[in-house]
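Letter by letter, the chains look like this.
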Amino acid sequence: MQERDDPETIGRRVQQLRTERGLTQRQLAEPAYTPAYISTLEAGRVRASDEALRHIAGRLGVGFEELASGRPAHLATDLRLRLTEAQRTLATGEAETAAAQYAALFEEAEAHGLAVEQATALLGMGECALDTGELGQAREFFERAELWTADEPLPVRVPAIRGRAVSHYLAGELRYAVYLLETTLDELNRSGLHDPDALLLLYASAIGPYMDMGAHARAAQAAELALALAPQAGDPALIARMHRSVARTLLAEGRVAEADASLAKAAELYRQLKLRTELANCHWMRGYVYAQNGELERAESELREALTMLSETRAALYRSQAAVELADVLHRRGKSDEAAELLHDVLGDFSSERGAVHSAAAHRLLGIIAEDARDTEAAEEHYVRALSLLERAGAAGDLADLCRLLGDLLRRTGRVEAALDAYRTGLGHRTAPGTTTLGPAPAQPPL
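Rules behind the numbers
- Residues numbered from 1 in each chain as written.
- Predicted model: local features only at pLDDT ≥ 70, side-chain atom pairs only at ≥ 80, totals over all residues.
- Heavy atoms only, no water.
- Helix = DSSP H or I, 4+ residues; strand = E, 2+ residues; numbered from the N terminus.
- Buried < 20%, exposed > 50% of the residue type's maximum accessible area, 1.4 Å probe, protein only.
- Contact = heavy atoms within 4.5 Å.
- Areas by Shrake-Rupley, 256 points an atom, 1.4 Å probe, with all protein chains shown as cover.
- Salt bridge = Lys/Arg side-chain N within 4 Å of Asp/Glu carboxyl O.
- Phe/Tyr/Trp six-rings, centres within 6.5 Å; stacked < 30°, edge-to-face > 60°.
- Expected span 1.5 Å × (residues − 1).
- Arc of directions from axis to C-beta.
- Axes fitted to C-alpha atoms, helices over the stretch in contact; angles between N-to-C directions.
- Parallel < 35°, antiparallel > 145°, perpendicular 65-115°, else oblique.
- Left-handed = near helix turned anticlockwise from the far one by under 90°.
- Nonpolar A, V, L, I, M, F, W, Y, C, P; charged D, E, K, R; others polar.

Draft legend 1. Broad picture of the overall build of the protein chain. In terms of regular secondary structure, the protein chain is built from 23 helices and zero strands. Across the 447 residues of the protein chain, 50% fall into the buried class. Counted over contacts in the protein chain with a minimum sequence separation of 6, partners at least 24 positions apart contribute 62%. Accessible surface for the protein chain amounts to roughly 20500 Å². Of this, 50% is attributable to carbon and sulfur atoms.

What follows is the structure, encoded as structure tokens:
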């Protein structure tokens, strides 16, 4: 049954529209109904049937939906069309413009009580805030979107849950981010809800926090699962543009259901475009694996591919993270000047609340490069900054290694007591990365 206002509201609306058109109750009623029925309806003392409302709407020259709910004809479909346009704006990297579009659409959907469209706009606003680094705002938008979809099946709620997890991850709250992603993956797979889009989104999003926690085996597995699930499309932007154009034509012809179907296809394709950020993380993960195996040339190639993809999406924070990994490989290949230049370029994109682990990695590598150049003062400054960032983020494995580097530097410069303090700090974090923070791996999909 279509959503309708209460009888009193509908009665007042009928009376207002009839008066505006200069019709009498008899003229509105004939030939199927009586003037008395119209009078009773306008007074709000009867709940009109759909058949009666369609007759009255026809006499008044308005659509059934507008008469029954107060919404202009095709409002919901028109809103969905504009939501896909905002999605396109975000997919092409114009996050601030998209945020303004989503905010206006949310207000319009809220004014007309369109819950699904409100949730979609909130998700979009959250994604925009992630891209611009406003993590607190992003989390708030995703939490509100999750509330709006609380009664929906889990795959429908996944984008909001994933958004919350990413906002926690980028704020340095690694364990909680992994908890959100893994519990959702486990619930999806154990309950047989093997929605490929939802699974792809979750696996791809888990790679970053896994890496930062030192859970490299899980990160590698998540990357391979994500790439296996990745949808294949020739040119998503071109196909999505076609579906939007078709939707406009169908809407103009009054073929609302078909227009909605085209819009759904366009929205899915724009979501795939947005997934370039996530798939770039898979290339980053492969580059990391190659680097760990000593295959530095292949590692550099994969990481440059990740950096190119992230630059195209203008995902500044993710791009900066990939740049740190690439700089490490460049340094190991003897290209330290290029590595240092890359690191200095991206450090401004980080803060203690935003990308803390990769900011620490950048300072650690700059410290190593400074040591190689015999600039011990600069090296110590970078190590100390990295130590502060890692302590806040709780990245135990990286912290132990950094304390060793700092201790060695202090010992070489004759500050033995300070070196011992650094070593003691490192010993407190000597447990293998990830072993005390992650439980059993989530159930896997039947690929």
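Draft legend 2. Layout of the pattern of salt bridges. For the structure on display, the rule yields 20 salt bridges. Linking Glu 42 and Arg 18 is a salt bridge whose minimum nitrogen-to-oxygen distance equals 2.6 Å. Of this pair, Glu 42 sits in helix α3 (residues 35-42) while Arg 18 sits in helix α1 (residues 7-20), and the two are 24 residues apart along the sequence. The exposure class assigned to Glu 42 is buried, which follows from its relative accessible area of 8%. Glu 371 serves as the salt-bridge partner of Arg 412, at 2.1 Å between the closest nitrogen and oxygen. Remark: Glu 371 occurs in helix α20 (residues 356-372) and Arg 412 occurs in helix α22 (residues 396-412); sequence separation between them is 41 residues.

Draft legend 3. The packing of aromatic side chains, seen in detail. Overall, the coordinates contain two aromatic pairs when judged by the stated rule. Taking 5.2 Å as the distance between ring centres and 20° as the angle between the ring planes, the aromatic pair formed by Tyr 33 and Tyr 37 counts as stacked. We classify Tyr 37 as partly exposed; its relative accessible area is 21%. Aromatic side chains Tyr 176 and Tyr 179 sit 5.9 Å apart centroid to centroid with 25° between the ring planes, which places their arrangement in the stacked category. Of this pair, Tyr 176 and Tyr 179 both sit in helix α11 (residues 174-190), three residues apart, which is roughly one turn of that helix. Residue classification places Tyr 176 among the partly exposed positions, given a relative accessible area of 34%.

Draft legend 4. Just α1, in detail. The end-to-end C-alpha separation of α1 is 20 Å, in line with the 20 Å expected for 14 residues at 1.5 Å each. Where α1 is concerned, the buried positions are Ile 10, Gly 11, Arg 13, Val 14, Leu 17 and Arg 18. Buried residues of α1 fall within an arc of 165° about the axis and therefore sit on the same side. Exposed and facing more than 90 degrees away from the buried side of α1 are Thr 19 and Glu 20. Elements that come into contact with the buried residues of α1 comprise α2 (25-29), α3, α4 (50-60) and α5 (64-69).

Draft legend 5. Structural detail: the packing of helix α8 (residues 115-132) against helix α9 (residues 135-148). Following both chains from N to C, one finds α8 and α9 inclined at 160°, their axes separated by 8 Å at the closest point. Viewed along their axes, α8 and α9 adopt a mutual orientation that is roughly antiparallel. Along this stretch, α8 crosses α9, giving a crossing that reads as left-handed. Along its contact with α8, which presents Ala 115, Gln 118, Ala 119, Leu 122, Leu 123, Met 125, Gly 126, Glu 127, Ala 129 and Leu 130, the element α9 presents Leu 135, Gln 137, Ala 138, Phe 141, Phe 142, Arg 144, Ala 145 and Trp 148.

Draft legend 6. Region of interest: the environment of Leu 229. Structurally, Leu 229 can be placed in helix α13 (residues 216-229). Distance from Leu 229 to Leu 200, taken between C-alpha atoms, is 5.8 Å for residues 29 residues apart in sequence.

Draft legend 7. The packing of α9 against helix α10 (residues 154-170), seen in detail. Two elements in contact, α9 and α10, have axes separated by 8 Å at closest approach and are oriented at 160°. Between α9 and α10, the interaxial angle falls into the category roughly antiparallel. Considering the relative orientation of α9 and α10, their crossing is left-handed. Across the interface between the two elements, Leu 135, Ala 138, Arg 139, Phe 142, Glu 143, Ala 145 and Glu 146 of α9 pack against Pro 159, Ala 160, Ile 161, Gly 163, Arg 164, Ser 167, His 168 and Leu 170 of α10. Classifying every residue of the contact of α9 with α10 by side-chain character gives eight nonpolar, three polar and four charged.

Draft legend 8. Layout of unusual backbone geometry. Between Glu 30 and the following residue, Pro 31, the backbone shows a cis peptide bond with an omega angle of 0°. Position of Pro 31 among the secondary structure elements: in the loop between α2 and α3. For Arg 374, which is not a glycine, the phi torsion comes out positive at approximately 65°. Here Arg 374 shows up in the loop between α20 and α21 (376-393). For Arg 374, a relative accessible area of 77% puts it in the exposed group.

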